[in-house]
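Observations on the model geometry
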Amino acid sequence: MNFLTPGPSQLYFTVETHIKSALKNDICAISHRSKAFQQVIGHTIAQIRQLMNVPDDYYITFTASATEIWERILQNLSAEYSYHLVNGSFSKKFYDFAVSLKRNASKHEVALGQCFDLNSFTVPSQTEVLCLTHNETSTGVSMPLSDIYELRKQHPDKLIALDMVSSAPYPDLDFRHIDTAFFSVQKCFGLPAGLGVWIFNEKCLEKSLALEKAGMSTGTYHTISSLVKNIRTNETPETPNMLGIYLLGKVCEDMNNRGIGAIRNETNYKAALMYHTIQQGENFKAFVENEKFRSKTVIVADVIKPKASFFINKFKEHQITVGSGYGAGKDTQIRIANFPTHSKETFELLAELMSK
Ligand SMILES: *Cc1c(COP(=O)(O)O)cnc(C)c1O
């Protein structure tokens, strides 16, 4: 079966080989404090840095999930004020976490399927961290990088946090325009779930140290200061997901060998084919009306007739599982993941099935 679901998704095609080599090399049995495992962490970080062009002075650290990183960002980067751009379930959850943590959180929220008009909201001046979601997985809306860079220009003094969970490593992001970004590995990286990657700069470290100095709690084991102290020697505060970290390094190495440019080109080709197919026939309609905001990595279509489940079942007969709609769109939409492991051939077959 080919899983074109937006997470978990089809495993990257080299993962099976790498799991075997992990077992052969006792990756799950050696000490997480050993030189051998420090080398694994060093390798994984170097490969992520190369793949995503992360500047040398940005820290790359590991957590249990992206969900955890929402919480850690709020704990470490805000004493009181966070501001959120909300356009779907995931960006909304980031905001909800801030409310749960008793932050004085505010948001600008737009309808599902929409992105943001930078002229239609004002970020409050007291905002400490501005929380953005590059790719809203529930609706297939992607925020243009130029809008993110514009927000940085308007707010040079605020920290900018970017959720890239269902787009990284596709976007050619210039990290200098943001302070922290994060993803988990079961989406575009095609790995088993249970690992989050948190990237942040010196300004984030300074902010979190300032909060600690002021007597605030920034959490326990996964505070920025604890993560930084450990990662300096390629270590983690806890016993981490060692297999996950090993596999991520191997898959990033495979992607670097293939070339991020080639991966982006193929992603663009598959996305163009899919949106074209959706627009051609009478059964589907692109959920995101404005082409400028259509995600390349999570493609959401309204099913006009008969029912989403009809197509989901039909595709399954041809060994393709697509995602159902999210939340309110559950019975009326399909969501198609377009990740690096999904082949052109699979997309061409799906396009053919959708056109019939
Ligand atoms: C899946 C997803 C998350 C949560 O990731 P977990 O690995 O489940 O913690 C957060 N943000 C976005 C945009 C997502 O798609």
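That block above? That's the structure.
Overview of the structure. The structure displayed is predicted, hence computed values, not measured ones. Sequence order sets the numbering: in each chain, residues are counted from 1 along the sequence as written. Residues qualify for local features only when their pLDDT is at least 70, as the model is predicted, and side-chain atom pairs are given and counted only at 80 or more; totals for whole chains, interfaces and linings, by contrast, use all residues. Where side-chain values are given, they derive from all heavy atoms of the structure, hydrogens and water being excluded.

Regarding the sheet that holds strand β11 (residues 284-286)
To keep things clear, this is the line we draw: Only strands that DSSP links by at least two bridges are regarded as paired with each other. Helix numbers and strand numbers start at the N terminus; a helix is a DSSP run of H or I with at least 4 residues, a strand a run of E with at least 2. All axes here are fitted lines through C-alpha atoms, helices being fitted over the stretch that makes contact, and every angle between N-to-C directions spans 0 to 180 degrees. Any pair of residues with heavy atoms lying within 4.5 Å of one another is described as a contacting pair.
Strands sit in the order β1-β13-β14-β12-β11 across an open sheet of five strands; the sheet is mixed. Here the strands that pair on one side only, and so sit at the sheet edges, are β1 (2-4) and β11. When strand polarity is set aside, the average angle formed by the axes of neighbouring strands in this sheet is 35°. When β1 meets strand β13 (residues 320-324), the two strands line up parallel, connected through three bridges. Residue pairing across strands places F3 opposite T321, the latter belonging to β13. Sitting on the sheet, helix α10 (residues 308-316) touches β11, β12 (298-303), β13 and β14 (333-337), and the angle it makes with β13 is about 155°. Helix α11 (residues 344-355) rests against β1, β11, β13 and β14 of the sheet, and its axis sits at about 160° to β14.

Quick look at the site of the ligand
Here is the rule we go by: Proximity criterion: a residue is near a molecule or strand once any of its heavy atoms comes within 4 Å of it. Under this definition, polar contacts are N or O atom pairs within 3.5 Å; protein pairs additionally need one hydrogen-donor-capable and one acceptor-capable atom, and for neighbouring residues in sequence, both atoms have to be side-chain atoms. For accessible areas, the Shrake-Rupley method is used with a probe of radius 1.4 Å. Any residue's cover is judged against the shown protein chains and nothing else. Cavities and pockets are defined on a 1 Å grid built over the protein atoms alone: a cavity is a set of grid points where a 1.4 Å probe fits but cannot escape, while a pocket is an open set with protein on both sides within 12 Å along at least five of seven lines, and lining residues are those with an atom within 4 Å of any such point. Any molecule with more than half of its atoms within 2 Å of a cavity's or pocket's grid points is counted as sitting in it. Throughout, the ten residues Ala, Val, Leu, Ile, Met, Phe, Trp, Tyr, Cys and Pro are labelled nonpolar, Asp, Glu, Lys and Arg are labelled charged, and all others, Gly among them, are labelled polar.
Around the ligand there are 13 residues in total, and T67, T137, D163, S184 and K187 lie nearest to it. A distance of 3.2 Å is found between an oxygen atom of the ligand and a backbone nitrogen or oxygen belonging to A66. The contact in question runs from an oxygen atom of the ligand to an N or O atom on the side chain of K187, over 2.7 Å. Protein coverage of the free-state accessible area of the ligand, which is 380 Å², stands at 88%. Judged by its atoms lying within 2 Å of the grid points, the ligand is housed in the second largest pocket. Among the elements that line the shell around the ligand, the one with the most residues is helix α3 (residues 66-77), at three residues. Across the shell around the ligand, the residue classes tally to four nonpolar, seven polar and two charged.

Quick word on the state of the cysteines
For clarity, the threshold we go by: Throughout, a disulfide means two cysteine sulfur atoms within 2.5 Å of one another. The classification of residues rests on relative accessible area computed with a 1.4 Å probe and restricted to protein chains. Under 20% of the type maximum is buried, over 50% is exposed, and intermediate values are partly exposed.
Inspection of the entire model under this criterion finds zero disulfides. Not engaged in a disulfide, the cysteine C204 finds its nearest cysteine sulfur in C131; these two sulfurs lie 11 Å apart. The exposure class assigned to C204 is buried, which follows from its relative accessible area of 0%.

A look at empty space enclosed by the protein
Empty space among the atoms can be located by rolling a probe the size of a water molecule over them. Let me state the cut-off plainly: Grid points are joined across faces, edges and corners, and a volume is the space filled by probe spheres set on the points.
Taken as a whole and judged by the stated rule, the model has one cavity of 30 Å³ or more. The computed volume of the largest cavity comes to approximately 30 Å³. Along the walls of the largest cavity sit S167, P169, Y170, C188, I263, T267, T297, N338 and P340, which together make up its complete lining. Grouping the amino acids of the lining of the largest cavity by side-chain chemistry returns five nonpolar, four polar and no charged.

A few points about unusual backbone geometry
A cis geometry characterises the amide bond from G7 onward to P8, with omega recorded as -10°. The residue P8 is located in the loop between β1 and α1 (15-24) in this model. Of note, the amide linkage connecting K305 to P306 takes the cis form, showing an omega dihedral of -10°. Tracing the sequence through the fold places P306 in the loop between β12 and α10.

Comments concerning the layout of surface pockets
Selection rule: Here the bounds of each domain stem from an automatic or database domain assignment.
Space inside the largest pocket adds up to approximately 350 Å³. For the largest pocket, the lining is made up of 20 residues, of which S142, K292, R294, S295 and K296 are closest to its centre. Residue contributions to the lining of the largest pocket peak at five residues, all from helix α9 (residues 260-280). Here the residues of the lining of the largest pocket sort into eight nonpolar, eight polar and four charged. Formed jointly, the lining of the largest pocket draws a minimum of three residues from each of two domains, domain 1 (2-8 + 259-355) and domain 2 (15-257). Volume-wise, the second largest pocket comes out at about 260 Å³. In terms of lining residues, the second largest pocket is bounded by 22 residues, among which F90, V165, S184, Q186 and K187 are the most central.

Concerning the packing of aromatic side chains
Selection rule: In summary, the pairing rule links any two rings of Phe, Tyr or Trp, Trp by its six-membered ring, whose centres are within 6.5 Å, and it sorts them by plane angle into stacked for under 30 degrees, edge-to-face for over 60 and tilted for everything else. Should the NZ of a Lys or the CZ of an Arg lie within 6 Å of a ring centre and within 35 degrees of the ring normal, that charge is described as sitting over the ring.
Evaluation of the coordinates by the stated rule reveals 13 aromatic pairs. On the basis of an interplanar angle of 80° and a centroid distance of 6.0 Å, the ring pair of Y58 and F175 is categorised as edge-to-face. With Y58 in the loop between α2 (35-52) and β2 (59-63) and F175 in the loop between β8 (159-163) and β9 (180-184), this residue pair connects regions lying 117 residues apart in the sequence. This pair shows no difference in class: Y58 is buried, exactly as F175 is. Where F284 meets F311, the ring centres are 4.7 Å apart and the plane angle is 55°; that geometry is what we call tilted. Of this pair, F284 sits in strand β11 while F311 sits in helix α10, and the two are 27 residues apart along the sequence. No difference in accessibility class separates F284 from F311, as the two residues are buried. It is K270 that lies over the ring of F347; its NZ or CZ is 5.4 Å from the centre. One cation-aromatic arrangement involves K344 over Y269; the distance from NZ or CZ to the ring centre is 5.7 Å.

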